[in-house]
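# Per-entry structural report
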Amino acid sequence: MTKRFAAITGVGSYLPEHVMTNADLEKLVDTSDEWITTRSGIRERRIVAEGDTTSDLAARAAVLAMERAGVQADEVDLLIVGTTSPDYIMPSTAAMTQAKLGLACPAVDTMAACTSFIYGLQYAAAVIESGRADTVLLIGAEALTRLIDFTDRSTCVLFGDGAGAVILQASDEPGVEAVVLGADGTGAEQLIIPASGAAQPVTVGAVERHEHYVRMNGSEVFKFAVRVIPKATKQALAASGHSLDDLTLLIPHQANERIISTIEDRLGISHERVYCNLASTGNTSSASIPLALDDLYTSGRLSPGDLLALVGFGAGLTWGAGILRWTMNAPKGKG
Ligand SMILES: CC(C)(COP(=O)(O)OP(=O)(O)OC[C@H]1O[C@@H](n2cnc3c(N)ncnc32)[C@H](O)[C@@H]1OP(=O)(O)O)[C@@H](O)C(=O)NCCC(=O)NCCS
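Here's a quick rundown of the structure. (Residues numbered from 1 in each chain as written. Predicted model: local features only at pLDDT ≥ 70, side-chain atom pairs only at ≥ 80, totals over all residues. Heavy atoms only, no water.)

## Quick notes on the overall build of the protein chain
Across its full length, the protein chain holds 11 helices and 13 strands. What you see for the protein chain is a C-alpha radius of gyration of 19 Å, in line with the 20 Å of a compact globule of 335 residues. Along the three orthogonal principal directions, the C-alpha set of the protein chain runs to about 60 × 45 × 40 Å. The 335 residues of the protein chain split such that 55% are buried. Nonlocal contacts in the protein chain, meaning residues at least 24 apart in sequence, comprise 76% of its contacts between residues at least 6 apart. Of the accessible surface of the protein chain, which amounts to about 13,900 Å², a share of 51% is contributed by carbon and sulfur atoms. Of note, the protein chain has its 26 positive side-chain charges centred 4 Å away from the centre of its 39 negative side-chain charges. (Helix = DSSP H or I, 4+ residues; strand = E, 2+ residues; numbered from the N terminus. Rg over C-alpha atoms; globule rule 2.2 N^0.38 Å. Buried < 20%, exposed > 50% of the residue type's maximum accessible area, 1.4 Å probe, protein only. Contact = heavy atoms within 4.5 Å. Areas by Shrake-Rupley, 256 points an atom, 1.4 Å probe, with all protein chains shown as cover. Lys, Arg positive; Asp, Glu negative; His and termini not counted. Charge placed at Lys NZ, Arg CZ, Asp CG, Glu CD.)

In structure tokens form, the structure reads like this:
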């Protein structure tokens, strides 16, 4: 029997129109364009429109991915939405998105913070490889700025909104070749929204203390990211039988340019083989990797046969790396 693989057959993204620049942030908090640019590499980010929420962004990215894959609503067997900024704690953002897309399939969220897309990739590949699904819609979507404290200069300069989506389908050719995931819950306090669930429900007091917003120990998260990501990348490469030299492109979670360049140094991979677009998006958490994929696809920088490493890290603490053989032809007129 031929092995079943899960291959990406469609990709799409959506970025809100409203651009918030570093100069705009200078008017809100005691910061400077120079500080933000040198410490993070971020110059601007997109802010979700009033009236829109995570599932709206998710649905817009998904429509494009489905169109490019030539997949109709009734062909989607499973919808997975990775998000750190769900519409609600209950019901799932996947259920909200499913209704907006007119799908009839099961729908579930993965909440592994900025690693959610890589966790979702593992689940999507597993259900396809096992024959339990033929077509999975996997989305990473965030209206994260709604959960950011715009009086806290240590976090508000870093994050942005957006969504990216992929269609994964059963194929005789790889596809997703390996995914390695990790979690270390002892680091939960390093990146957390303290008042957001059953441990500490949102109360008037919690809101007054701004505990319903993201809190982060930036330097600890930095050290964690540069420790786990090179290791996870090497593990995923080994699991797929490849070496670093085989990689066409490393696509890291877009959190911080300094994190990315430290990862480059530790892995010994040249800057040209590492994708970075965070200057214009900021950290879009679960959305950053599929947004990067769509940007690369639409600009004709991906060709069938390219070997990609998708690597993510975030709250939990969580991390993950996936090795992916790209199978889509570049759009007409590109590539
Ligand atoms: C957040 C981060 C950019 C901060 O950079 P850093 O070099 O570690 O800076 P520090 O936190 O040590 O702060 C240095 C100084 O800058 C100040 N500072 C913090 N944010 C600032 C801002 N936006 N503007 C100006 N100054 C700021 C601090 O108050 C501190 O001042 P002090 O020395 O007077 O106390 C960095 O730690 C980081 O990128 N961490 C990873 C974050 C991340 O990617 N999280 C998401 C993971 S999914």
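From this point on, the discussion continues.
## Observations concerning the site of the ligand
Around the ligand lies a shell of 22 residues, among which T31, R39, R153, G218 and N256 are the nearest. Within the contact set of the ligand, a nitrogen atom lies 2.9 Å away from a backbone nitrogen or oxygen of G218. Here an oxygen atom of the ligand and a side-chain polar atom of N256 are 2.4 Å apart. Contact with the protein chains covers 71% of the free accessible surface of the ligand, which is 960 Å². Going through the elements one at a time, α2 (33–40), α6 (153–156), α8 (218–239), α9 (257–267) and β12 (307–314) are the ones with two or more residues in the shell around the ligand. Looking at which element gives the most residues to the shell around the ligand, the answer is α8, with 4 residues. (Near = heavy atom within 4 Å. Polar contact = N/O pair within 3.5 Å; in protein donor to acceptor, adjacent residues only side chain to side chain.)

## Quick look at the packing of α8 against α9
Their axes nearest at 9 Å, the elements α8 and α9 cross at an angle of 45 degrees. As judged from the angle between their axes, α8 and α9 are oblique. With respect to the hand of their crossing, α8 and α9 are arranged in right-handed fashion. Taking contact as the criterion, the partners of F222, A225, V226, R227, I229, P230, T233 and K234 in α8 are, on α9, R258, I259, T262, I263, R266 and L267. Here the contact of α8 with α9 is composed, by residue class, of 8 nonpolar, 2 polar and 4 charged. (Axes fitted to C-alpha atoms, helices over the stretch in contact; angles between N-to-C directions. Parallel < 35°, antiparallel > 145°, perpendicular 65-115°, else oblique. Left-handed = near helix turned anticlockwise from the far one by under 90°. Nonpolar A, V, L, I, M, F, W, Y, C, P; charged D, E, K, R; others polar.)

## Things to note about α2
By the burial criterion, the buried members of α2 are I36, T37 and S40. Here the buried residues of α2 occupy an arc of 100 degrees about the axis, which is enough to place them on one side. Contact partners of the buried residues in α2: α1 (22–26), β3 (44–47), α9 and α10 (278–281). Note on α2: the residue one or two positions beyond its end, G41, has a positive phi of about 85 degrees. (Arc of directions from axis to C-beta.)

Read these as layout, nothing more, since geometry by itself doesn't imply function.
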